[in-house]
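Topology and contacts: notes
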Amino acid sequence: MKLFVYPPVVKPDQDIELFLNKNLSTLSEEPDILIMGAFNDWKWKSFSIRLNKSDLKGDWWSCQLYVPKEAYKVDFVFFNEQNVYDNNDQKDFCIPVDGGMDALAFEDFLLEEKRKELEELAWAQAERERQAEEQRRMEADRAAKEEDRARAKAEVGRMRETLPQLLKNAVKSIDNVWYIEPSEFKGNELIRLYYNRSSGPLANANEIWIHGGHNNWKYGLSIVERLVKSVLKGGEWWYADVVVPDQALVLDWVFADGPPKKAVVYDNNRKQDFHAIVPMAIPDEQYWVEEEQQIYRKFQEERRLREEAIRAKAGKTAQMKAETKERTLKRFLLSQKHIVFTDPLDVQAGSTVTVFYNPSNTNLNGKPEVWFRCSFNRWSHRNGPLPPQRMLPAENGTHVKASVKVPLDAYMMDFVFSESEHGGVFDNKFGMDYHIPVFGGIVKEPPLHIIHIAVEMAPIAKVGGLGDVVTSLSRAVQDLNHNVDIILPKYDCLNLSNVKDFDYHKSYSWGGTEIKVWHGKVEGLSVYFLEPQNGFFQVGCVYGRGNDGERFGFFCHAALEFLLQSGFHPDIIHCHDWSSAPAAWLFKDNYAHYGLSKARVVFTIHNLEFGAHSIGKAMAHADKATTVSPTYSREIAGNPLIAPHLHKFHGIINGIDPDIWDPYNDKFIPESYSSKNVVEGKRASKEALQQRLSLKKADLPLVGIITRLTHQKGIHLIKHAIWRTLERGGQVVLLGSAPDPRIQNDFVNLANELHSAHHDRARLCLAYDEPLSHLIYAGADFILVPSIFEPCGLTQLTAMRYGSVPVVRKTGGLYDTVFDVDHDKDRAQAQGLEPNGFSFDGADTGGVDYALNRAISAWYEGRDWFNSLCKRVMEQDWSWNRPALDYLELYHAARKAE
Ligand SMILES: Nc1ncnc2c1ncn2[C@@H]1O[C@H](COP(=O)(O)OP(=O)(O)O[C@H]2O[C@H](CO)[C@@H](O)[C@H](O)[C@H]2O)[C@@H](O)[C@H]1O
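You'll find the chain entered in an unreviewed UniProt entry as starch synthase, with Glycine max given as the organism. According to its UniProt record, the chain has this under Catalytic activity (unreviewed entry): "[(1->4)-alpha-D-glucosyl](n) + ADP-alpha-D-glucose = [(1->4)-alpha-D-glucosyl](n+1) + ADP + H(+)".

In structure tokens form, the structure reads like this:
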């Protein structure tokens, strides 16, 4: 025998003695022997102990060893403390531990330990942040105090300078008009001020009041008293007892025939007001010190109130945002309830969940068996997929079910269904697989790195909706903890005031020119600006030069070259429309095999109207392609540029950025509002809009139109709707810019006609004006979008965010986001929504009339109902909360693409 332990059956949480027969070991010649080991397949608590010669007969050496309570196995080897080992012929030694955990339970134990450790780390981190925040707050406080002190000092400085002027205007009395008793007085003392009623315009007044202040009215009205008739002085002298304000050097006042706001006749000393010197208050140094202190306290109090209001508002904003997000996630999880759902709905790491599946709505319909195949963390979990599980009938009669234990280190649950244990027909959600987020796990999803190559970006280089989407999609994906960069041309017409930390980054040579790269933050996003020295982007505009194709082709290539030369390894390169379509094929042709091999290309069509050739080519080269709504994706599915690629083509609806478009925090509207006070909020905005555009200030239905004026947007329908609205007694505001000068001229003529015939009810603003657009979204009752085609459309979504009711033509994304109050109840319900607007078919004027007439009638005839509709549309979530999750699914699917 070479080895034994005592006691012979090893139990956890116990001391044992281990004996080695040195004679039989490869270490027989060595003077020193040590044991080196650990528990549980070398995963737990390693040890190294010296063996001593024991009392047993023969060459038995031994040591004591404590077996911890979590052990299921002891693993070890022997060595001479240098380089001679006995490792049991490379198999290592092991002794089983009886009656404790098994290997699986130990894995769970380890995860639980890890969770505790992470919790402690998180707590420590939170504590550090709290302290840092406290530090920041104290510093800010110190800075604020200093600033307020400096302001108070400056203020006192100014007062001291103007004092002589102040005193010059003041006197002790005016003969026969007023005087004060006693003649010597100072601050905080009671004085009696006499006034001769017959001396001025109040000679016939029944009442006399003093409206007074001090120190040249510096603190507004600080004295208001009614004067009493004095019997002693023949009835014309009246008096009031007045306490002199503290710190007063001069008293200022007028007399009037009533209290403030009620008085009609005044004696203001021929517009000079009256000014009395406070004789005993000639200011000394002490006076100024006190004055400064008082002003300082006033500033501090004002600041405190201001900051409190800001904090309260930020808190409320964050709370509303979180609530919306949670509601939307619930809706997302429930949206496939007819196919699949879990109980509980939000899956927690470490818990057991039941998955319910209804095959009758999928390609497994009618199969006698359904098998559930599940893993975690996008199929990358260390345990691999769970063994397939046959699903059992659920109590509800429609679904089948299976239960799974979710590991503590899961962040995502992944599954597909098949007809048999070994596979056969699968339901894998059209190649995307089913994924359900897991909350509370100890491992977070590793971030993806996404790079957008784009030629527009709101608000610094926005021409239309494409610019909005580049910014808002990126922000939403970044909010989900992924890394996003944007590459944009450095146009000379960039609005740089919206770029933070703008800095020179590097330069490189490519395409026969030097390219300077700048970096900055736009709306919290990292943006690289490429500035080729060949002047391609020094032309005063984004589009509209004869060589746009050449310029943007160059830009796309330069962008890829920049990624390569800078050692970027993005997971996804996302390009948009014809203008950055070349990135798709240039990447596949020139970069996919050199350095940037990890990246996959996603191409999004915002509008198929322009650049057909480029779009077709990008469709062929991209790993995944999208357009901006499901309906538009179906509308263009037959197009020869698209049709061959349907297997990788998806419609994902756009969202709007809830921070950029937020009536609760919008500096361009007069009163902030949420759905709780939508009626009051919108009324204030409507009045401000009418005021600003010189429209009649009246409670009329107001139709807003915000659009690029192009054929796509339904120009003849827009014109018709303007006349129809006026006919129905409403007001119309159109904000539109026309790239085509003929259309622009046409609208200038229409504007002239309307402004002379209906100057108080119609206004066409033929310009691009972002601030005005905010006021229109907020002030309008309806936003009209009668597009001939519309890939998604953002204006109807923004309208709803501001509680304006959309009136739209049923096409593309308009169809997917607007549900007619009379016709689309079921369709809305299928999305977990209620109807939210008015819509019409057809491209003739009859259609637009149909929708607009119902909308305006609803306004006139049922204001309460209409107001509740405004509130309802405002509470719907058209942000990126939902679509960003779809894009992430798509990015992951793209990564799996070969
Ligand atoms: N005169 C003006 N002044 C101020 N702001 C103005 C304005 N005219 C328009 N805007 C603003 O520009 C944006 C227009 O976005 P849209 O999505 O409605 O249309 P666009 O056709 O440009 O976008 C294309 O791309 C987007 C994004 O994918 C798709 O939604 C859409 O269907 C597709 O045609 C909105 O944010 C709107 O407020």
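From this point, the narrative continues.
**Some thoughts on the UniProt feature "domain: Carbohydrate binding module family" (unreviewed entry) in the chain**
Per the UniProt record, "domain: Carbohydrate binding module family" (unreviewed entry) is found at residues 13–98, 187–279 and 350–439. Along residues 13–98 the backbone is 0% helical and 51% strand, and the end-to-end C-alpha distance reaches 11 Å.

**A word on the side chain of Gln731**
Looking at the secondary structure, you find Gln731 in strand E39 (residues 731–737). In terms of polar contacts, Gln731 uses its side chain to reach the side chain of Gln690, at 2.8 Å. Residues in contact with Gln731, not counting those within four places in the same chain, are Gln690, Leu695, Lys696, Leu700, Pro701, Leu702, Val703, Thr725, Asp760 and Arg761.

**Here we look at the sheet that holds strand E15 (residues 237–243)**
Taken in spatial order, the four strands make up an open sheet running E10-E11-E15-E14, and their pairing is antiparallel. Since the sheet does not close on itself, it has two edges, and those belong to strand E10 (178–181) and strand E14 (228–229), each with one partner. Sheet topology places E10 next to strand E11 (residues 190–196); four bridges connect them, and they run antiparallel. Bridge pairing in E11 links Glu181 to Arg192.

**What about the packing of aromatic side chains?**
Here the distance between the centres and the angle between the planes together describe a pair of aromatic rings. Applying the stated criterion to the full structure yields 50 aromatic pairs. Ring centres of Tyr543 and Phe552 lie 5.9 Å apart, and the angle between their planes is 80°; on these two criteria the pair is classed as edge-to-face. Take Tyr543: its relative accessible area is 24%, and that puts it in the partly exposed class. Overall, the relative accessible area of 1% leaves Phe552 in the buried class. Aromatic ring contacts, followed pair by pair, group Tyr491, Trp510, Phe536, Phe537, Tyr543, Phe552, Phe554, Phe555 and Trp578 into a single cluster. One residue, Lys218, lies across the ring of Tyr219, its end atom 5.9 Å from the ring centre. Sitting over the face of the ring of Phe747, Lys719 holds its NZ or CZ atom 5.6 Å from the ring centroid.

**A few points about the site of the ligand**
Taken together, 29 residues are adjacent to the ligand, and Asp468, His606, Arg708, Glu790 and Gly793 come closest. Note that an oxygen atom of the ligand is positioned 2.8 Å from one of the backbone N or O atoms of Gly465. Note that an oxygen atom of the ligand is positioned 3.4 Å from one of the backbone N or O atoms of Pro791. For the shell around the ligand, the secondary structure elements donating two or more residues are helix H3 (465–479), strand E38 (702–708), E39 and helix H12 (770–779). Among the elements that line the shell around the ligand, the one with the most residues is H3, at four residues. When we break the shell around the ligand down by domain, the ones giving at least three residues each are domain 4 (449–651) and domain 5 (678–878).

**Quick notes on the environment of Thr725**
Considering the arrangement of structural elements, one finds Thr725 in helix H10 (residues 715–727). For Thr725 and Trp379, which are 346 residues apart along the polypeptide, the C-alpha to C-alpha distance reads 57 Å. If we skip the residues at most four places from it in the chain, Thr725 touches Val703, Gly730, Gln731, Val732, Leu852 and Ile856.

**Observations concerning the side chain of Asp666**
By secondary structure assignment, the location of Asp666 is in the loop between strand E37 (649–651) and helix H9 (678–692). A polar contact of 2.8 Å, which involves the side chain of Asp666, links it to the backbone nitrogen of Phe668. What Asp666 contacts, discounting residues up to four positions off in sequence, is His774 and Tyr802.

**Regarding the pairing of strand E33 (residues 525–532)**
The buried fraction of E33 amounts to eight of the eight residues, a majority that puts the element mostly inside the structure. Judged by which residues are buried, E33 turns out to be covered on both faces: Leu525, Val527, Phe529 and Glu531 on one side and Ser526, Tyr528, Leu530 and Pro532 on the other are all buried. Looking at chain direction, strand E30 (residues 483–489) and E33 are connected through five bridges and run parallel. Paired with Ile487 across the bridge in E33 is Tyr528. Relative to E33, strand E32 (residues 513–522) is paired through eight bridges, and the arrangement is antiparallel. The partner of Lys516 across the bridge, within E33, is Glu531. Between E32 and E33, which pair antiparallel and follow one another directly, the connecting turn spans two residues, one of which, Glu523, has a positive phi of 50°.

**As for the packing of H10 against helix H11 (residues 741–757)**
Direction vectors running N to C along H10 and H11 enclose 5°, while the axes themselves pass 12 Å from each other. By the angle class used here, H10 and H11 are roughly parallel. On H11, the residues that touch Ile715, Lys719, Ile722, Trp723 and Leu726 of H10 are Ile743, Asp746, Phe747, Leu750, Glu753 and Leu754. When grouped by side-chain class, the residues that make up the contact of H10 with H11 number eight nonpolar, no polar and three charged.

**Here we look at the domain arrangement of the chain**
Each assigned domain of the chain is listed here: domain 1 (3–101), domain 2 (170–283), domain 3 (337–437), domain 4 (449–651) and domain 5 (678–878). Contacts between domain 4 and domain 5 engage 15 residues on the former and 14 residues on the latter. A combined buried area of about 1,000 Å² lies between domain 4 and domain 5, and 58% of that area is made up of carbon and sulfur atoms. Broken down residue by residue, the surface that domain 4 buries against domain 5 is led by Lys462, Thr631 and Tyr632, which jointly contribute 32%.

**Quick look at the nonpolar core**
By size, the foremost hydrophobic cluster in this structure holds 88 residues, and its most contacted members are Ile722, Phe782, Phe838 and Tyr891. Setting aside residues up to four positions removed in sequence, Ile722 forms contacts with Ile705, Val732, Leu734, Leu750, Leu754 and Leu764. Of all hydrophobic cores here, the second largest spans 65 residues; its members include Ile487, Leu525, Val527 and Ala592.

**Focus: the UniProt feature "coiled-coil region" (unreviewed entry) in the chain**
According to UniProt, the feature "coiled-coil region" (unreviewed entry) maps to residues 111–162 in the numbering used here. Regarding residues 111–162, the helix share stands at 100% and the strand share at 0%, and the terminal C-alpha atoms are separated by 74 Å.

**Focus: the pattern of salt bridges**
Scanning all chains against the criterion turns up 58 salt bridges. For Asp433, the salt bridge identified is with Lys896, shortest N-O distance 3.2 Å. Residue Asp433 is found in the loop between strand E27 (423–427) and strand E28 (434–439), and its partner Lys896 is found in helix H18 (residues 883–896); the two are separated by 463 residues along the sequence. Judged by relative accessible area, Asp433 falls into the buried class, the value being 7%. For Lys896, a relative accessible area of 47% corresponds to the partly exposed category. A salt bridge links Arg863 to Asp699, with the shortest nitrogen-to-oxygen separation between them at 3.2 Å. On the criterion of sequence distance, the pair formed by Arg863 in helix H17 (residues 863–875) and Asp699 in the loop between H9 and E38 is long-range, its members being 164 residues apart. The class for Arg863 is partly exposed, based on a relative accessible area of 29%.

**Examining helix H4 (residues 548–565)**
With 18 residues, H4 ought to run about 26 Å at 1.5 Å a step, and its terminal C-alpha atoms sit 25 Å apart, in line with that. Among the 18 residues of H4, 14 are classified as buried, and the element is accordingly described as predominantly covered. Just beyond H4, the residue with positive phi is Gly567, at close to 70°.

**Re the sheet that holds E39**
One open sheet accounts for six strands, arranged E40-E39-E38-E41-E42-E43; its pairing is parallel. With partners counted over all chains shown, the strands left at the sheet margins are strand E40 (762–765) and strand E43 (838–840), one partner each. For this sheet, the mean inter-axis angle between neighbouring strands, taken without regard to orientation, is 15°. Sitting on the sheet, helix H16 (residues 845–861) is in contact with E38, strand E41 (782–785), strand E42 (805–809) and E43, with an inclination near 165° to E43.

**Overview of the environment of Gly100**
Here Gly100 lies in the loop between strand E9 (93–96) and helix H1 (103–169). C-alpha of Gly100 to C-alpha of Ala263: the two residues are 163 residues apart in sequence and 93 Å apart in space.

**Here we look at unusual backbone geometry**
The residue after Glu181, namely Pro182, is reached through a cis peptide bond having omega -10°. Position of Pro182 relative to the elements: it lies in the loop between E10 and E11. Backbone torsion omega between Asp343 and Pro344 reads 0°, so that peptide bond is classified as cis. Position of Pro344 relative to the elements: it lies in the loop between strand E19 (340–343) and strand E20 (347–348). Here the phi dihedral of Lys45 falls at roughly 45°; this positive angle occurs in a residue that is not glycine. Secondary-structure assignment places Lys45 in strand E4 (residues 44–50). Here the phi dihedral of Asp92 falls at roughly 60°; this positive angle occurs in a residue that is not glycine. One can find Asp92 in the loop between strand E8 (85–86) and E9.

How each quantity is defined
Residues numbered from 1 in each chain as written. Predicted model: local features only at pLDDT ≥ 70, side-chain atom pairs only at ≥ 80, totals over all residues. Heavy atoms only, no water. UniProt positions renumbered as here; feature names shortened; annotations may be inferred. Helix = DSSP H or I, 4+ residues; strand = E, 2+ residues; numbered from the N terminus. Polar contact = N/O pair within 3.5 Å; in protein donor to acceptor, adjacent residues only side chain to side chain. Contact = heavy atoms within 4.5 Å. Pairing = 2+ DSSP bridges. Phe/Tyr/Trp six-rings, centres within 6.5 Å; stacked < 30°, edge-to-face > 60°. Buried < 20%, exposed > 50% of the residue type's maximum accessible area, 1.4 Å probe, protein only. Lys NZ or Arg CZ within 6 Å of the ring centre and 35° of its normal. Near = heavy atom within 4 Å. Domains from an automatic or database assignment. Axes fitted to C-alpha atoms, helices over the stretch in contact; angles between N-to-C directions. Parallel < 35°, antiparallel > 145°, perpendicular 65-115°, else oblique. Nonpolar A, V, L, I, M, F, W, Y, C, P; charged D, E, K, R; others polar. Buried area = accessible area lost by both parts, 1.4 Å probe. Core = buried A, V, L, I, M, F, W, Y, C linked by side-chain atoms within 4.5 Å. Salt bridge = Lys/Arg side-chain N within 4 Å of Asp/Glu carboxyl O. Expected span 1.5 Å × (residues − 1).

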